[in-house]
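# Structural description and commentary
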Amino acid sequence: MIYFDIESLFTIIKKRVRRFSPVKRWTFLLILFSIINVFQIASEDEGGLLRIASEPDYPPFCIVDENGEADGFSVELFKEAAKVMGLNAEIKVGTWNDIKEELSEGRIDALPMVGRSPEREEYYDFTFPYHTMHGAVFVRKGTDGIKSIEDLENKTILVMKGDNAEEYVNRVNLSPHIVTTENYFEAFELLSSGQYDAVIAQRLMGIQLLNIMDIENIIPLAIELDGFSQDLSFAVRKGNSRLLSTLNEGLAIIIADGTYDRIHSKWFTPDLLPRVSLKDIIVRTMYFIIPFMIILVFSALIMLRIQVHRKTLGLNQEIIERKHIEEELNQQLSEKLVILKEVHHRIKNNYAAVESLLSMQSESIENEEASSALQDAIGRVRSMRILYEKMLLTDEYNVTSTSEYLNNLISEIRGLFSEHKNIKLKKSIDDFQLEQQQLLLIGFIVNELLTNIMKYAFAEGASGSILIEFTKNSNAVTLKIQDDGNGLPEDFDINSLDSFGLSLVKTLSSQLNGTFTITSDEGVKARLEFLI
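For every chain, the first residue of the written sequence is number 1, and numbering continues from 1 onward in sequence order. Only residues with pLDDT of at least 70 are given local features in this predicted model, and only at 80 or more are side-chain atom pairs given and counted; all residues enter the totals for whole chains, interfaces and linings. Working from all heavy atoms in the structure, the side-chain values ignore hydrogens and water.

### Some thoughts on the side chain of Glu76
Where we set the bar: For helices the rule is a DSSP run of H or I covering at least 4 residues; for strands it is a run of E covering at least 2, with both sets numbered from the N terminus onward. By the criterion applied in these results, polar contacts are pairs of N or O atoms within 3.5 Å in which, for protein atoms, one can donate a hydrogen and the other can accept it, and in which residues neighboring in sequence qualify only through two side-chain atoms. For this analysis, residues touch if any pair of their heavy atoms sits within 4.5 Å.
Along the polypeptide, Glu76 turns up in helix α3 (residues 73–84). Engagement of the side chain of Glu76 in a polar contact is seen with the side chain of Trp267, the distance being 2.9 Å. Every residue in contact with Glu76, bar those within four places of it in the chain, is listed here: Arg262, Ile263, Lys266 and Trp267.

This is how it looks when you write it as structure tokens:
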């Protein structure tokens with residue numbers, strides 16, 4: 001183990017550093033800090049070696065190759081993130097229920113794929129997410145009686161022991177009849193053989209696992225499982241902040257340099273649908289061969305029937321061709337939807353990554369003005385992220401609900417200022433549809449005004465209230481935000497103000513072709529009016 005006494009080290013080199021120019025001096029100190037940091041990480045992580053573990057049967061994220069070695073998207077991603085930080089990963093393979101216990105007990109250092117959930121935050125710390133998955137209900141073909149989430153109430157459901165699916169069904173009390181298996185291989189085999197009613201698992205993993213197992217009598221249903229989308233992250237033992245910071249930095253680097261895209265393209269393809277078996281092809285072909293043979297047998301007997309059958313065959317052929325074209329179009333549509341969903345998740349993950357990186361940078365900056373500027377930037381990114389998430393939940397990509405978007409945005413901004421817990425926030429927000437470009441501008445304006453009020457209108461621990469109204473009357477929309485705090489300075493003049501925040505509000509208001517006013521009377525009153 002290598003130890004450094006920083007004070008002694010700087011005492012030795014202080015005299016020599018004084019003779020350097022300012023540029024050389026700071027360059028030398030940055031190099032010195034980097035060298036010390038590398039040695040400290042190496043010493044604390046047992047010479048740069050990380051002990052991690054992976055599941056054998058969670059494709060395409062965690063699998064074993066033909067040599068029995070751990071492989072998969074998450075495993076390869078972890079190796080690259082560790083590599084750029086100068087660390088090596090020693091990987092073992094084990095069942096999920098065992099390896100998650102090993103991490104919580106400190107027998108291993110990290111796991112490459114863990115879905116973040118409330119139940120797991122007590123035991124693990126998570127990097128920012130690198131992929132998002134959605135859950136699905138898998139049933140046997142021909143199953144009747146399961147059309148919605150409510151239909152599962154008295155069904156017997158299979159889940160993998162310790163998986164986030166088990167946590168989900170217990171959290172929402174989905175059914176009193178839950179059966180756990182050691183892995184999803186066993187769960188799908190039991191369901192395929194006619195036992196139990198359904199399997200709940202992540203959709204992408206389940207489809208690929210069914211292809212690997214060559215099971216054709218199980219399909220995923222189009223049922224939305226609210227609360228079962230999973231943000232996949234690297235996980236470390238609770239409190240291991242140094243390793244968490246290292247992995248976050250490594251993950252950010254490989255996203256920025258294109259390594260993430262290369263690995264993602266390797267493991268994810270649009271073709272995730274079950275294969276058509278040879279038996280199905282033969283059966284479908286026989287449907288046309290048998291009628292054709294019957295036609296040949298009777299064609300010599302009745303000439304009229306020959307002509308009728310010829311025309312019938314022509315019509316059937318046209319129908320077949322149309323069905324074939326329709327099947328190809330449906331196949332292409334399915335592939336495009338898979339790609340579109342992946343693009344949406346990547347954009348969402350990128351928003352989260354930008355927020356995380358800005359937050360990390362803000363925490364490391366001691367200059368209060370610079371830190372405040374970064375926090376403002378985080379708020380603006382948050383406004384765009386919330387709007388994008390709401391956009392994914394609607395079928396109309398050009399309009400979004402004002403109530404859902406603004407309520408969520410206001411709640412997130414309010415949560416950042418825990419020191420103002422005595423401030424009461426009153427909201428009156430009409431629910432109507434608005435173009436996303438207009439709603440994004442309004443989100444920026446609300447973020448700037450509400451953040452300024454929280455920062456400057458009230459002293460820490462003071463009591464007070466904030467009123468936010470967003471109303472629509474005919475084709476006129478009004479946004480009003482007011483507080484009963486300290487008010488504006490007596491010499492306040494919005495036209496000569498050099499504040500970036502309020503200047504931004506004025507610019508955004510003009511883009512809406514609206515009128516913005518701000519006055520101070522027992523607090524601050526801001527008002528924006530525009531037409532739609």
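### Points about the packing of α3 against helix α8 (residues 241–256)
The cut-off we apply is this: The axes are straight lines fitted to the C-alpha atoms, using for helices just the contacting stretch, and the angles between their N-to-C directions are given from 0 to 180°. Our angle categories are set so that under 35 degrees counts as roughly parallel, over 145 as roughly antiparallel, 65 to 115 as roughly perpendicular, and the remainder as oblique. Three classes are used, and their members are as follows: Ala, Val, Leu, Ile, Met, Phe, Trp, Tyr, Cys and Pro are nonpolar, Asp, Glu, Lys and Arg are charged, and the others, Gly among them, are polar.
Across the interface, α3 lies against α8 with an axial gap of 8 Å and an inter-helix angle of 105°. One element, α3, and the other, α8, form an angle in the roughly perpendicular class. Here α3 contributes Leu77, Phe78, Glu80, Ala81 and Val84 to the contact with α8, which in turn contributes Leu247, Gly250, Leu251, Ile253 and Ile254. For the contact of α3 with α8, the residue count by class is 8 nonpolar, 1 polar and 1 charged.

### Description of helix α7 (residues 203–213)
Stated formally: The cut-offs for exposure are 20% and 50% of the maximum accessible area for each residue type, with area from a 1.4 Å probe on protein chains only; residues under the lower value are buried, those over the upper are exposed, and the others partly exposed.
Taken across its 11 residues, α7 has 9 buried, putting it largely inside the fold. Within α7, burial applies to Leu204, Met205, Gly206, Ile207, Gln208, Leu209, Leu210, Asn211 and Met213. At the C-terminal side of α7, Asp214 shows a positive phi close to 60°.

### What about the sheet that holds strand β12 (residues 198–202)?
The condition that has to hold: If DSSP finds at least two bridges between two strands, the strands pair.
Strand order across the open sheet formed by 5 strands is β11-β10-β12-β9-β13, with mixed pairing between neighbours. One side of each edge strand has no neighbouring strand; the edge strands of this open sheet are β11 (178–181) and β13 (218–220). Across the sheet, the axes of successive neighbouring strands diverge by a mean angle of 30°, strand direction being ignored. Note that strand β10 (residues 157–160) and β12 share 2 bridges and pair parallel.

### Quick notes on a negative patch on the surface
Going by this rule: Exposure above 30% relative accessible area and no salt bridge define the residues that can form patches, which grow by joining like charges within 9 Å and nonpolar side chains of Val, Leu, Ile, Met, Phe, Trp and Tyr within 5 Å. Calculation of accessible area relied on Shrake-Rupley with a 1.4 Å probe; when residues are assessed, cover is drawn exclusively from the protein chains displayed. Any Lys or Arg side-chain nitrogen located within 4 Å of an Asp or Glu carboxyl oxygen qualifies as a salt bridge. When charges are counted, Lys and Arg are positive and Asp and Glu negative, with His and the chain ends excluded. A single reference atom marks each charge: NZ on Lys, CZ on Arg, CG on Asp, CD on Glu.
On the surface, Asp98, Glu101, Glu182, Glu186 and Glu189 cluster together to form a negatively charged patch. Elements represented by at least two residues in the negative patch include exactly α4 (96–104) and α6 (184–192). Here Glu189 lies in helix α6. A residue is classified by how much of its surface remains accessible, and Glu189, at 49% relative accessible area, is partly exposed.

### Overview of the confidence of the model for the protein
Applicable threshold: Looking at any residue, its pLDDT shows the predictor's confidence there, from 0 to 100.
For the protein, mean pLDDT is 80; residues scoring 70 or higher make up 80% of the total. Within the protein, strand β19 (residues 476–483) carries the highest mean pLDDT (95), whereas helix α2 (residues 22–44) carries the lowest (47). Across residues 1–10, confidence stays below pLDDT 50; counting only partners more than four residues off in sequence or on other chains, it has 12 contacts. For residues 271–281, every residue scores under 50 in pLDDT, and the model assigns this stretch 18 contacts once sequence neighbours within four places are set aside.

### Structural notes on the sheet that holds strand β4 (residues 70–71)
Read from one edge of the open sheet, 3 strands run β2-β3-β4, paired in antiparallel fashion. Looking at which strands have only one partner, the edges of the open sheet turn out to be β2 (57–58) and β4. In this structure, β2 lies alongside strand β3 (residues 62–64), joined through 2 bridges in antiparallel fashion. Its bridge partner being in β3, Tyr58 is matched across the sheet by Cys62.

### Quick look at the packing of aromatic side chains
What counts, and what does not: Side-chain rings of Phe, Tyr and Trp, where Trp is taken by its six-membered ring, are said to pair if the distance between their centres is within 6.5 Å; with planes under 30 degrees apart they count as stacked, over 60 as edge-to-face, and otherwise as tilted. To sit over a ring, a charge needs its Lys NZ or Arg CZ within 6 Å of the ring centre and within 35 degrees of the ring normal.
This structure, assessed with the given rule, holds 13 aromatic pairs. Seen in terms of ring centroids, Phe61 and Phe268 are 5.7 Å apart; in terms of plane orientation they differ by 65°. Their pairing is edge-to-face. Here Phe268 lies in the loop between α9 (259–267) and α10 (278–299) and Phe61 lies in the loop between β2 and β3, a separation of 207 residues in the sequence. Classification of Phe61 by relative accessible area gives buried; the value is 0%. A centroid spacing of 5.7 Å and a plane angle of 10° characterise the contact between Phe432 and Phe470, whose relative ring orientation is stacked. Of this pair, Phe432 sits in the loop between β16 (423–429) and β17 (433–435) while Phe470 is found in strand β18 (residues 464–473), placing the two residues 38 residues apart along the sequence. Each member of the pair, Phe432 as well as Phe470, is classed as buried. Among the aromatic side chains, those forming a connected cluster through ring pairs are Phe61, Phe73, Phe78, Tyr130, Phe234, Tyr260 and Phe268. Taking NZ or CZ as reference, Lys472 lies 6.0 Å from the ring centre of Phe432, over its face.

### Topic: the packing of helix α13 (residues 402–415) against helix α14 (residues 436–456)
Two measures define how a pair of helices packs: the angle their axes make with one another and the distance between the axes. Selection rule: Should the near helix be turned anticlockwise from the far one by less than a right angle, the crossing is left-handed, and should it be turned clockwise, the crossing is right-handed.
Where α13 contacts α14, the two axes come as close as 10 Å, and the packing angle between them is 25°. By the criterion of interaxial angle, the relationship of α13 to α14 is roughly parallel. Remark: the crossing between α13 and α14 carries right-handed chirality. Every residue of α14 that contacts α13 at Thr402, Tyr405, Leu406, Leu409, Ile410, Ile413 and Arg414 is listed here: Leu439, Leu440, Ile442, Gly443, Val446, Asn447, Leu450, Thr451 and Met454. Here the residues of the contact of α13 with α14 are counted per class, giving 11 nonpolar, 4 polar and 1 charged.

### Topic: the nonpolar core
Definition in use: Nonpolar cores were defined as sets of buried Ala, Val, Leu, Ile, Met, Phe, Trp, Tyr and Cys residues, with membership established by side-chain atoms within 4.5 Å.
Counting residues in each nonpolar core, the largest one holds 77 residues, and the members touching the most others are Tyr184, Phe188 and Ile200. The residues contacting Ile200, other than those within four sequence positions of it, are Ala136, Val137, Leu152, Ile157, Leu158, Val159, Ala165, Val169, Leu174, Tyr184, Leu225 and Phe228. Counting residues in hydrophobic clusters, the runner-up holds 41 residues, among them Leu406, Leu409, Phe432 and Ala526.

### Thoughts on α8
What counts, and what does not: The span you would expect from a helix comes to 1.5 Å times its residue count less one.
Between its terminal C-alpha atoms α8 stretches 22 Å, which fits the 22 Å expected from 16 residues at 1.5 Å a residue. Looking only at α8, the buried set comprises Leu243, Leu244, Thr246, Leu247, Asn248, Gly250, Leu251, Ala252 and Ile254. Among the residues trailing α8, Gly258 stands out with phi positive, at a value near 90°.

### Concerning unusual backbone geometry
Here the amide bond leading from Pro59 into Pro60 is cis, since omega sits at -5°, within 30 degrees of zero. Here Pro60 shows up in the loop between β2 and β3. You will see that Ser474, though not glycine, has its phi angle at about 60°, which is positive. Summarising the element assignment, Ser474 is placed in the loop between β18 and β19. For Ser474, a relative accessible area of 59% puts it in the exposed group.

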